Amino acid sequence: MNTPDSFPRRRSIRSFVVRAGRMGPGQVRAIEELAPRFVLPFQDRPLDTAAVFGRVAPVVFEIGFGMGDATAAIAEAMPDTDFIGVEVHTPGVGALLKKIGEKGLANVRIVQHDAVEVLEQMIAPGSLAGVHVFFPDPWHKKRHNKRRLIQEPFVGLLASRIAPGGTLHCATDWQPYAEQMLQVLSAQPLLANTAEGYSPKPGYRPLTKFENRGLKLGHGVWDLVFQRIGEVVCTVG
Ligand SMILES: C[S@@+](CC[C@H](N)C(=O)[O-])C[C@H]1O[C@@H](n2cnc3c(N)ncnc32)[C@H](O)[C@@H]1O
């Protein structure tokens, strides 16, 4: 299990700050009992997903699953798909492990590490059926905008890891970030928009409590669903 200090230092700007967080006894117990089976250590070579999941199935990669509500609901509804969820926040890892235990999910694995490095090192080019990036940190202040995940060159890396025909699904409740996402994703030659601009919310993405509250207050949510086109590329330039 990573602790904040165990993340190796990188020179580039990160999309997260590791916060201290309290964990409930259920989360602590879930980590003790379930992490050995469901948390994969970070490694600097591609993951053998067939060996990890014990089958060959489409793999969806989720960046920043938070407390794992959407991850667990989607994995439960899609038992024929395998899910790799990446999150740096330990209470979130505990929360998703708890749900994995409660729902008896066999199709989820977790990596507690910077998703940028996980994608670079552990995910082979053209290997993912999909990527979910739900409500990434919006980094509202102008001087923090550079920390946003959805920008070049990261989108180039993301696109390279998705199999042709696979999808990239982003959602945000912060309009300036939605506009940035639409601009950056539309400019990526390996991605094609499945909608004209923003997409209707795909049925598989559950409404979170937070999102529901925002919608009632008249706040917007923007989904973007892009499809990977072209051939598999083996290098990211
Ligand atoms: C605003 S929260 C949204 C959580 C969740 N997706 C949801 O919809 O409720 C963003 C999450 O992304 C995580 N995160 C940000 N950058 C990350 C990165 N590079 N690797 C892994 N997790 C990251 C943060 O720790 C945080 O939990």
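For the structure, see preceding data.
This is a predicted model, so every value here is computed, not measured.

## Regarding the overall build of the protein
When helices and strands are counted, the protein shows eight helices and seven strands. Computed over the C-alpha atoms, the radius of gyration of the protein is 17 Å, within 12% of the 18 Å expected from 2.2 N^0.38 for a compact globule of 237 residues. C-alpha atoms of the protein, sized along the principal axes, occupy 45 × 45 × 40 Å. Look at the contacts in the protein between residues 6 or more apart in sequence, and 81% of them connect residues 24 or more apart. Charged side chains of the protein number 27 positive and 23 negative; the gap between the two group centres comes to 6 Å.

## Let's talk about the side chain of Asn145
Within the secondary structure, Asn145 sits in the loop between β4 (128–134) and α6 (154–161). Reaching out from Asn145, the side chain makes a polar contact with the backbone oxygen of Lys141 at a distance of 3.0 Å.

## Concerning the site of the ligand
Neighbouring the ligand are 14 residues, the closest being Ser15, Gly64, Glu87, Asp114 and Phe134. Between the ligand and the protein, one listed contact pairs a nitrogen atom with a side-chain N or O atom of Ser15 at 2.7 Å. In the model, an oxygen atom of the ligand is placed 2.5 Å from a nitrogen or oxygen of the Glu87 side chain. Bound to the protein, the ligand loses 83% of the 600 Å² it would expose on its own. A breakdown of the residues in the shell around the ligand according to their chemical character gives six nonpolar, four polar and four charged.

## Side note on the pattern of salt bridges
Taken as a whole and assessed by the stated rule, the structure comprises eight salt bridges. Residue Arg205 is joined to Glu211 by a salt bridge in which the shortest nitrogen-to-oxygen separation is 2.8 Å. For the pair formed by Arg205 and Glu211, the shared burial category is buried. One network of salt bridges, in which partners are shared, links Arg14, Asp114 and Glu117.

Rules used throughout
- Residues numbered from 1 in each chain as written.
- Predicted model: local features only at pLDDT ≥ 70, side-chain atom pairs only at ≥ 80, totals over all residues.
- Heavy atoms only, no water.
- Helix = DSSP H or I, 4+ residues; strand = E, 2+ residues; numbered from the N terminus.
- Rg over C-alpha atoms; globule rule 2.2 N^0.38 Å.
- Contact = heavy atoms within 4.5 Å.
- Lys, Arg positive; Asp, Glu negative; His and termini not counted.
- Charge placed at Lys NZ, Arg CZ, Asp CG, Glu CD.
- Polar contact = N/O pair within 3.5 Å; in protein donor to acceptor, adjacent residues only side chain to side chain.
- Near = heavy atom within 4 Å.
- Areas by Shrake-Rupley, 256 points an atom, 1.4 Å probe, with all protein chains shown as cover.
- Nonpolar A, V, L, I, M, F, W, Y, C, P; charged D, E, K, R; others polar.
- Salt bridge = Lys/Arg side-chain N within 4 Å of Asp/Glu carboxyl O.
- Buried < 20%, exposed > 50% of the residue type's maximum accessible area, 1.4 Å probe, protein only.

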